Amino acid sequence: MVNVELKVAGEEAEIQERDQLSQSPFAIRGLTVSYDQKPAVFSVDATFEKGRMTAIVGPNGAGKSTLLKAALGIVTPLSGQTTMHGLPLSEQMHRIAYVPQRASVDWDFPVRVIDVVLMGLYRKVGLLGRIAGTDRKRALQCLERVGMTDFATRQIGQLSGGQQQRVFLARALAQDADLYVLDEPFAGVDAATETAIIDVLKELRAEGRTIVSVHHDLSTVEDYFDNVLLLNVRKVSEGPVAEAFTDELLQAAYGGKLATAQAGALPAAI
Amino acid sequence: MFFNALFFQLGYNATLVTIGATLLGVAAGVTGTFLFFRKRALVSDAISHATLPGVALAFIVMVSLGLDGRNLPGLLFGSAVTAALGLFLVQWLSTRTRLTEDAAIGAVLSVFFGFGIVLLTVIQTMSSGRQAGLEGFLLGSTAGMLFADAILIAAGGLLAVALVYLFRRPMTMVAFDREFARASGVNLDRTDLIMMALVMGVTVIGLKVVGLILIVALLIIPPAAARFWSDRAEIVVLMAGAIGGLSGWIGAAISASAPNLPTGPIIVLVAFAGFALSMVLAPRRGLVSSAVNQWRFRRGVHIRQGLVSLAQGQPIYEPLTLRLLAREGLARADGVPTDEGKARAARVLRDEKRWEVARSDPALEMAAARYDGLTQIEDVLTEDQISVLDSRIGPPQEVPS
């Protein structure tokens, strides 16, 4: 009798898990990454909701960027898997646009802004396909959405940090993806760029696309995002901002590292 | 003599060498560009030095099998084998141990080269070794180049160029932004491997003409020179191919037109001349052009600051500003503005005010990003936008005299 109940419960959990995986455009299971035998991310499960904006939040060294890079296969995880609607992510890379941290790029490289955006179309046109006039027009439209049309023929290294970040977002837009993964898009950018980026991200969300972003500014989490994944090597919490981003959970994630000023900046309601 | 050589009229051998050197130059320039973009120029030096033991071993093997030890395809095959081994060791040492890439390059380069020299000495003592002429691979030796050798260089060069064309997009992405390339589904290791294999191929076919010590120059100098001419990767690649090809062509012609001038070193010197010219003369990025631009900018800033001071009735202390204003007829040597100076000052002050308003208006944020202290606001905004700004500033002001 007890055995049968357990078995039924087990089956139900399995069905629920399968449903979750098939509905989520980005689901991570048991992801562990280590650098030199020191875990940077340990056994993290995360299920990102379709059509929502999720912030990945946590203290420095919590493995936020590493989690994303490992999930996308940019660094090799020790274990774990990532799926898009239940399928292995490695087969769905064409539906994903990734905006890396600015530090990972060679800014002296001889490319103009428009060429960077066109890189977002390389996957579509293939190895030898020609970049046609329509592709160029599309790239310019993407630059227009981030307000960078005037800079199309500048060398990428001549732009300010905020402008560079917008160009990267334009390149991601050119990829026309279902899932947008961003690594600290607001780090070191001016206020106008921050507004421009968040507006574009909200447009993408309105179009039903999913956005996952590493975010470091605790005071804007509630304004910008629907969901939060709170991380400190292990997952601390996951869910809607109101539930997963409470004072207690933040204390648990940041420990003593959460400066009182930062905590004070948090809305009193949560 | 030189012009005869340049236009292939100096005999069969000279013509073969000139054509071979030109094609090699194009292939090396084009391939080397991606190596340059990836900032791995010195890996090619390790690869080229690692060819030497392969050449020597191939010779020993061929002779001991009773074949002609000087068979070029055989020697090049041998060189490719040890070059690949050297490349693999550099990769392995720099990714799997704590050694950095420069240390790995130094270790591999010297050990392989030393081993190669030992083998050459051994070959000297072999009965059939005296005429081997393998030292020619150190600095290139084009005397007695065969038609088949030229065909080998031409075919290899064309293949390298074709493969660079095929893989130009992934190679560009990997050099510019590895993480994005990976997330776009580019296989990083495979792309790097293709690039290094191309470099290895060019090195091997370049052994006969330029030699293993100098081939690195032909891979790196053309892109370094081309980089001065353009901020677009495609154009840098094409220019590097052109500079490499010209260096090969002119260098081979020079060495053919005078007795005892070594081909490889002359080609490298010609390439260097191209580099020096590019560095000095290239528009915008060249030394002359950037010095001129820098001076123009400095002059513009001084005059503008001077005019703003005049407009606000402040004294000017900076001697350079005073000199420039006086030379332009905008102020007297003691800093009192002329009539033209007053008019210009009023305009500059207005421009500054307009910028100030524009830069504080979030709606004009894009245009405001183009503020650099010199650009006139008329070049950035439309008349309508400017009249809106003006309505916020109020009427023009008198310049105090």
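Rules used in this analysis
Sequence positions are assigned chain by chain, starting from 1 and proceeding in written order. Labels are handed out in written order, letters beginning with A for the chains and numbers beginning with 1 for the ligands. It should be noted that, the model being predicted, local features are given only for residues of pLDDT at least 70 and side-chain atom pairs only at 80 or more, the latter also being counted only at that level, while totals for whole chains, interfaces and linings use all residues. To get the side-chain values, all heavy atoms of the structure are used, and hydrogens and water are removed first. Secondary structure counts use DSSP, requiring at least four H or I residues in a row for a helix and at least two E residues in a row for a strand, with both numbered from the N terminus. Both definitions apply: the radius of gyration is a C-alpha atom measure, and the globule rule equals 2.2 Å times residues to the power 0.38. The rule is simple: take the accessible area with a 1.4 Å probe, protein chains only, and divide by the maximum for that residue type; under 20% is buried, over 50% is exposed, in between is partly exposed. Every residue pair with non-hydrogen atoms within 4.5 Å of one another is taken to be in contact. For accessible areas, the Shrake-Rupley method is used with a probe of radius 1.4 Å. Any residue's cover is judged against the shown protein chains and nothing else. When charges are counted, Lys and Arg contribute as positive and Asp and Glu as negative, whereas His and the chain ends are disregarded. Working definition for charges: the position is that of NZ of Lys, CZ of Arg, CG of Asp or CD of Glu. Domain start and stop positions are those given by an automatic or database domain assignment. A pair of aromatic rings is counted whenever rings of Phe, Tyr or Trp (Trp by its six-membered ring) have centres within 6.5 Å, and the orientation is called stacked for planes under 30 degrees apart, edge-to-face for over 60 and tilted otherwise. Only lysine NZ and arginine CZ atoms are considered, and such an atom sits over a ring when it is within 6 Å of the ring centre and within 35 degrees of the ring normal. Any residue with an atom within 4 Å of a point lines the site, the site being either a cavity, points on a 1 Å grid over the protein atoms alone where a 1.4 Å probe fits but cannot get out, or a pocket, an open set with protein on both sides within 12 Å along at least 5 of 7 lines. Grid points are joined across faces, edges and corners, and a volume is the space filled by probe spheres set on the points. All residues other than Ala, Val, Leu, Ile, Met, Phe, Trp, Tyr, Cys, Pro, Asp, Glu, Lys and Arg, Gly among them, are scored as polar; the first ten of these are nonpolar and the last four charged. Each pair of strands is called paired provided DSSP finds at least two bridges between the two strands.

## Here's the deal with the overall build of chain B
Counting its secondary structure elements, chain B contains 19 helices and 0 strands. Here the C-alpha atoms of chain B give a radius of gyration of 30 Å, more than 25% beyond the 21 Å that 2.2 N^0.38 yields for 401 residues. Here the C-alpha coordinates of chain B stretch approximately 100 × 55 × 35 Å along the principal axes. Looking at chain B as a whole, 50% of its 401 residues qualify as buried. Taking as baseline every contact in chain B between residues at least 6 positions apart, the subset at least 24 positions apart corresponds to 68%. With an accessible surface of roughly 18,900 Å², chain B has 65% of that area assigned to carbon and sulfur atoms. Charge centroids of chain B, computed over 33 positive and 29 negative side chains, lie 5 Å from each other.

## Quick notes on the domain arrangement of chain B
As far as domains go, chain B holds domain 1 (2–281) and domain 2 (288–393). Put simply, the middle of domain 1 of chain B and the middle of domain 2 of chain B, counted by C-alpha atoms, are 53 Å apart.

## Things to note about helix α16 (residues 319–327) of chain B
Residues and elements named next belong to chain B. Among all positions in α16, only Leu320, Thr321, Leu322, Leu324 and Leu325 are buried. On its buried side, α16 packs onto α15 (287–311). Looking one or two residues beyond α16, the residue adopting positive phi is Gly329, at roughly 75°.

## Considerations on the packing of aromatic side chains
For the structure on display, the rule yields 10 aromatic pairs over all chains. Clustering of aromatic rings is evident, with ring pairs tying together Phe109(A), Phe34(B), Phe36(B), Phe37(B) and Phe176(B). One Lys or Arg, Arg171(A), reaches over the ring of Phe168(A) and ends 4.5 Å from the middle of that ring. The aromatic ring of Phe180(B) is capped on one face by Arg171(A), whose charged end is 3.4 Å from the ring centroid.

## Details of the layout of surface pockets
All names here are of chain B. Empty space within the largest pocket amounts to approximately 820 Å³. Taken together, 21 residues form the lining of the largest pocket, with Thr95, Arg96, Arg178, Asp189 and Asp192 sitting closest to its centre. Secondary structure elements with two or more residues in the lining of the largest pocket: α5 (72–96), α10 (178–183) and α11 (188–206). Top contributing element to the lining of the largest pocket by residue count: α5, with 8 residues. When the residues that make up the lining of the largest pocket are grouped by side-chain class, the tally is 8 nonpolar, 6 polar and 7 charged.

## Observations concerning the pairing of strand β9 (residues 227–232) of chain A
Residues and elements named next belong to chain A. Of all 6 residues making up β9, 5 are buried, and the element is well covered by its neighbours. Bridge count for strand β3 (residues 53–57) against β9 is 4 bridges, and the pairing is parallel. Counted as the bridge partner of Ala55 is Val228 from β9. Judged from the 6 bridges that link them, β9 and strand β10 (residues 234–240) form a sheet pairing that is antiparallel. Bridge assignment links Asn232 to a residue of β10, and that residue is Arg234. Hairpin connection from β9 to β10: 1 residue lie between these consecutive antiparallel strands, with Val233 at a positive phi of about 65°.

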